[in-house]
Amino acid sequence: MQENKVLLRATDIDKQFGITHAVDHVSIDFYSHEIHALIGENGSGKSTFTNMLTGIYTLGGGSFALENKTIQVKNQVSANRLGIAIIVQEMGTLSGLTVAENIFLGEEDPFIHNGVKNTAAMNKKAQDLLDSYGFSRIRANAIIDTYNFEDRKLVEIVKSTYFDPKVLVVDETTTALNHSGRVELFKHMRRLRDLGSCVIFISHDLDEVLEMSDRVSVLRDGEYIDTVNAKDVTTDDLKKLMVGRELGEHYYRTDYGEKIPEEVAMKVENVSVGNEIHNISFELHKGEILGIGGLSECGMHEVGKACFGASFDRTGSVTLADGTQINDINTAINHSIAYASKDRDNESLLINDSIMDNITLPSMRDMGKVLSIKKLHEFADKFAKEMSTKMVNVDQFVSELSGGNKQKVVLARWIGKGSDILILDSPTRGIDIKVKADIYALMDKMRKEGKSILMISEELPELMGMSDRILIMKEGEISGEFLRDPQITDTALIEKMI
Amino acid sequence: MAGKKIDLDNPRLRAALPLIGFLFMIVLFTILTKGAIITPNNLQLQLSQMYMLMIAAIGVFFIITMGCLDFSQGSLMGVACIACCYFSNKNLFLGIIMGILVGAAIGAINGWLHVFMQIPSFIVTMSTQFLFRGVVQFCTTKAPVMANISMMKLANMPFMMTVTVICLVVAFFFFRYTSFGANLKAIGASERGARFAGIKVTKTKFLVYVLAGVITGFAAFINAIKVLSVTSTGGNQLETQILIGLVLGGMPISGGAKVRFSNIVIGVLMYRFMATGLVMVGLTTQMQQLIQGIVFVVMVTLFSDRKSLAVIK
């Protein structure tokens, strides 16, 4: 390894969202010539930290110094000019623009002469770049929307590395890429390192982290824990640092070989929704946790919506044990179906409303025509407390809660409603480990009470740990089914996904 | 960060601020008019100008709570008032009912265009404002539409006051003690979230537009009692007065969970008081408009619920 000097120094970086302390006075030194991994559980503050570095969020406190000069980053363009680039977790390209326009977003000036943009020159430059990266099949003058998620990620790689940034943040990009895409990404990460840059690499895949990085910094609940040399540690060491304790044995369900009850609670037949899912059929039994897994674009999230009557243009049927057809949300709610969406802030909750309103909305119809504010208050309070939601009182707005507590409000709503069939889409997404354990315990308890749970999840350990049965989906269809078994491996599931 | 930041999200402060503003306005105009504004005669006059505005504001209040807007209320009032006056010559009750029906019909047109044709409510009601202003002018080209002259005997304070209070109490009851109000607020807070909580969003939105038409159609009857005839400018600028009133009362213009029913009452009283005060101080019409405009901008800025980030519809 070459001689290291501090390239980027983060001092006392801080950020709060309402009462949530997302990043708590974090100081880390990043060296030149290194790939520096940043790891931690969901919600540990990794993305918030790098988002402040790259100007996506405003700095809550502290300062970043690049080559000993304190930097003021206003937005992503100003970050780019300073030599800091990011490849984000979600879609980082803008729809409706061409590939070239995306690559040179905010840097159009060199192509503008006397106020007129030379599109041809821009396209040519972009195509040259794409060719040099080996992505010739992506055309610079095409509208970005003509490419799929993965190709758009490749465009993002070009966009954020062509100018050889001093600092490159790679935020959970690898999950969106297939093998060859990853190889390309890793190649450019290494190239930048060899040029003397620093690559800040965020990933959940610890093997990948150890393979790629020189040093690893660990965050937990927004706090800085430690920085270690990648070659001195194992993935187990990293896990311990991330969680702060040895993972208990009773995190997931421990029972195996229990018989799934025969009684069917919900029957899904030949359900299709547009291009998202095709001819999905399955049965959800009473007292069972049925897991659905797959890559995030495989259509499994739409299955949850379809079963809740929330899909537009659905064909096929969703039938309950008593013969009721579920075609709209109201029928679903009235027949004891609950739904927690993956999009917690927009679908599961009204975040700009009080905890009380959020919990009581679907249950109001059972409380008579004339409502008593006091009763509503007591109702909300009871179920919020039952879920041990961390809050000031039920009049507090949901927007002020952390991800985990928001999810508790969602669950409180449906437990209050007394739903028997729960469709939980990514129930622990972005939730810290303690609340996660609470939610798993609750799911197990409800299962034993004879409730049926349809759990849609992108996390394999969760699927394997909690489900009685697992359905794997691929390109909108069910591609495999597994029964609960300690012998199931990640690889077996992944094989069915891709 | 120098100085202490006033937290306008604090519900108590939000509730108190319009009241403080109202008191301040009373004191200010009392001093400026040397007490003339609070003489019993003057107060009674102000009240008589308030009834119609107060009732019509209820419907718009519901609409804004859902995060929608309605700029057509003035023209709607004009057309409904024409219907009410015209038919009151045959039968008083027929007049009331026809006013309400016409209001409901126009509300239904607004609601249909916005909800089912999916055009932003702002654009829809701007268009129907012009459309129905045209209808009002067409119907009054030759002569104003006269109402049954016997209606004049209803123009007394006890009757008007009773009707207004009944309207407010009924509306308050439904807003606060039935799921109606909670549903409207939920739609205003997040339409998508409301849909997933089992609220029939499209149906509710459409019906609230019809309801607002019904309410303003009824307010047209109150207006007819007072003016006894409709000219081409009947109901002109009512929508602006309602909007300024609601905002003065502390209503966030994007609706949602922070809306309170008291916004209507305080806001409309405050607006009437300010409008009268500006006249009595002796300002020209232009100056009055200027000052009202400034107050409006300041209040909207103060009470905007920026955190919700929702696009104004």
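Residues numbered from 1 in each chain as written. Chains lettered and ligands numbered in written order. Predicted model: local features only at pLDDT ≥ 70, side-chain atom pairs only at ≥ 80, totals over all residues. Heavy atoms only, no water.

### Structural notes on the pattern of salt bridges
One pass over the structure, following the stated rule, counts 35 salt bridges over all chains. In this structure, A:Asp343 engages B:Arg192 in a salt bridge whose closest nitrogen and oxygen atoms are separated by 3.2 Å. Residue A:Asp343 is located in the loop between strand 17 (337-340) and helix 11 (344-348), and its partner B:Arg192 is located in helix 8 (residues 191-196); the two belong to separate chains. Connected via shared salt-bridge partners are A:Arg253, A:Asp255, A:Glu258, A:Asp444, A:Arg447, A:Lys448 and A:Asp468. (Salt bridge = Lys/Arg side-chain N within 4 Å of Asp/Glu carboxyl O. Helix = DSSP H or I, 4+ residues; strand = E, 2+ residues; numbered from the N terminus.)

### Observations concerning the sheet that holds strand 21 (residues 477-483) of chain A
All names here are of chain A. Overall, mixed pairing links the six strands, which are arranged 17-18-19-15-20-21 in an open sheet. One side of each edge strand has no neighbouring strand; the edge strands of this open sheet are strand 17 and strand 21. When strand polarity is set aside, the average angle formed by the axes of neighbouring strands in this sheet is 15°. Pairing analysis gives four bridges linking strand 15 (residues 289-293) to strand 19 (residues 452-456), with the strands arranged parallel. Looking at the pairing, Gly-291 lines up with Met-455 of strand 19. Those strands touched by helix 15 (residues 433-448) are strand 15, strand 18 (421-425) and strand 19, and its axis lies near 145° from that of strand 19. Taken strand by strand, helix 17 (residues 490-497) contacts strand 15, strand 20 (469-474) and strand 21, and its axis lies near 35° from that of strand 20. (Pairing = 2+ DSSP bridges. Axes fitted to C-alpha atoms, helices over the stretch in contact; angles between N-to-C directions. Contact = heavy atoms within 4.5 Å.)

### Quick notes on the domain arrangement of chain A
Residue and element names in this part refer to chain A. Under the domain assignment, chain A is made up of domain 1 (6-243) and domain 2 (264-497). Look at where the C-alpha atoms of domain 1 and domain 2 centre, and you get two points 33 Å apart. In this complex, domain 1 contributes six residues to the contact, which on the side of domain 2 involves eleven residues. For the pair domain 1 and domain 2, the two sides together bury roughly 700 Å², of which 52% comes from carbon and sulfur. Remark: the boundary between domain 1 and domain 2 carries zero salt bridges. Across the contact surface, domain 1 and domain 2 share zero residue pairs in polar contact (both at pLDDT 80 or more). (Domains from an automatic or database assignment. Buried area = accessible area lost by both parts, 1.4 Å probe. Polar contact = N/O pair within 3.5 Å; in protein donor to acceptor, adjacent residues only side chain to side chain.)

### A short note on the state of the cysteines
Residues and elements named next belong to chain A. What the rule picks out here adds up to zero disulfides over all chains. A disulfide-free cysteine, Cys-307 has its sulfur positioned 14 Å from the sulfur of Cys-298, the nearest such atom. Taking relative accessible area as the criterion, Cys-307 reaches 1% and is therefore assigned buried. (Disulfide = S-S within 2.5 Å. Buried < 20%, exposed > 50% of the residue type's maximum accessible area, 1.4 Å probe, protein only.)

### Details of unusual backbone geometry
All names here are of chain A. Of note in the backbone geometry, Asp-221 takes a positive phi value of approximately 50° without being a glycine. In this structure, Asp-221 sits in the loop between strand 11 (215-220) and strand 12 (223-229). Given a relative accessible area of 39%, Asp-221 falls into the partly exposed group. The phi dihedral of Ser-388 is positive, around 45°, even though this residue is not glycine. Within the secondary structure layout, Ser-388 lies in the loop between helix 13 (373-386) and helix 14 (403-417). For Ser-388, a relative accessible area of 44% puts it in the partly exposed group.

### A closer look at the nonpolar core
Among the nonpolar cores identified, the biggest contains 182 residues, and A:Phe282, A:Phe308 and B:Ile264 are the most heavily contacted of them. Considering each element in turn, this core owes the most residues, 14 residues, to helix 2 (residues 40-65) of chain B. Built from parts of two domains, this core gets at least three residues from each of domain 1 (6-243) and domain 2 (264-497) of chain A. In terms of nonpolar packing, the next biggest core, distinct from the first, is built from 33 residues, A:Ala85, A:Met122, A:Leu177 and A:Phe186 among them. (Core = buried A, V, L, I, M, F, W, Y, C linked by side-chain atoms within 4.5 Å.)

### Quick look at the layout of surface pockets
There is about 1,100 Å³ of room inside the second largest pocket. Forming the boundary of the second largest pocket are 35 residues, of which A:Ser354, A:Asp395, A:Phe397, B:Lys185 and B:Ala257 lie nearest the centre. Counting only elements with at least two residues in the lining of the second largest pocket, the list comes to helix 12 (355-360) and helix 13 of chain A together with helix 1 (11-32), helix 6 (157-177) and helix 7 (179-189) of chain B. (1 Å grid on protein atoms, 1.4 Å probe; cavity = no way out; pocket = protein on both sides within 12 Å on 5 of 7 lines; lining within 4 Å. Points joined across faces, edges and corners; volume = space filled by probe spheres on them.)

### Here's the deal with the packing of aromatic side chains
Inspection of the entire model under this criterion finds 29 aromatic pairs over all chains. Arranged with centres 6.4 Å apart and planes meeting at 10°, the rings of A:Phe308 and B:Phe196 form a pair that is stacked. Of this pair, A:Phe308 sits in the loop between helix 9 (300-307) and strand 16 (314-320) while B:Phe196 is found in helix 8, placing the two residues in two different chains. The same class applies to A:Phe308 and to B:Phe196, which are both buried. These aromatic residues form a ring-pair network of at least three members: B:Phe61, B:Phe62, B:Phe172, B:Phe173, B:Phe174, B:Phe175, B:Tyr177, B:Phe180 and B:Phe261. Here A:Arg484 stacks its cationic end above the ring of A:Tyr256, 4.3 Å away from the centre of that ring. (Phe/Tyr/Trp six-rings, centres within 6.5 Å; stacked < 30°, edge-to-face > 60°. Lys NZ or Arg CZ within 6 Å of the ring centre and 35° of its normal.)

### As for the packing of helix 10 (residues 238-248) of chain B against helix 12 (residues 285-303) of chain B
Residues and elements named next belong to chain B. Axis separation between helix 10 and helix 12 bottoms out at 9 Å; the angle between their running directions is 50°. One finds that helix 10 runs oblique with respect to helix 12. Helix-helix and strand crossings are classified by hand; for helix 10 and helix 12 the assignment is left-handed. Where helix 10 abuts helix 12, its residues Leu-243, Ile-244, Val-247 and Leu-248 lie against Gln-292, Val-295, Phe-296, Met-299, Val-300 and Phe-303. Classifying every residue of the contact of helix 10 with helix 12 by side-chain character gives nine nonpolar, one polar and no charged. (Parallel < 35°, antiparallel > 145°, perpendicular 65-115°, else oblique. Left-handed = near helix turned anticlockwise from the far one by under 90°. Nonpolar A, V, L, I, M, F, W, Y, C, P; charged D, E, K, R; others polar.)

### Considering the interface of chain A and chain B
Listed as interface residues are 26 residues of chain A and, on the opposing side, 24 residues of chain B. For the pair chain A and chain B, the summed buried area comes to about 2,100 Å², and 61% of that belongs to carbon and sulfur atoms. Its largest share of buried area at the contact with chain B, chain A owes to A:Glu347, A:Leu350 and A:Asn352, together 25% of the area lost on that side. Our count for the chain A to chain B interface comes out at two salt bridges. Notably, a salt bridge pairs A:Glu347 with B:Arg192, separated by 2.6 Å at the nearest N-O pair. Taken together, chain A and chain B are joined by seven residue pairs in polar contact (both at pLDDT 80 or more). Counting only elements with at least two residues in the side of chain A that touches chain B, the list comes to helix 10 (329-334), helix 11 and helix 14 of chain A. Ranked by residues supplied to the side of chain A that touches chain B, first place goes to helix 10 of chain A with three residues. Here the side of chain A that touches chain B is built from residues that sort into 16 nonpolar, three polar and seven charged.

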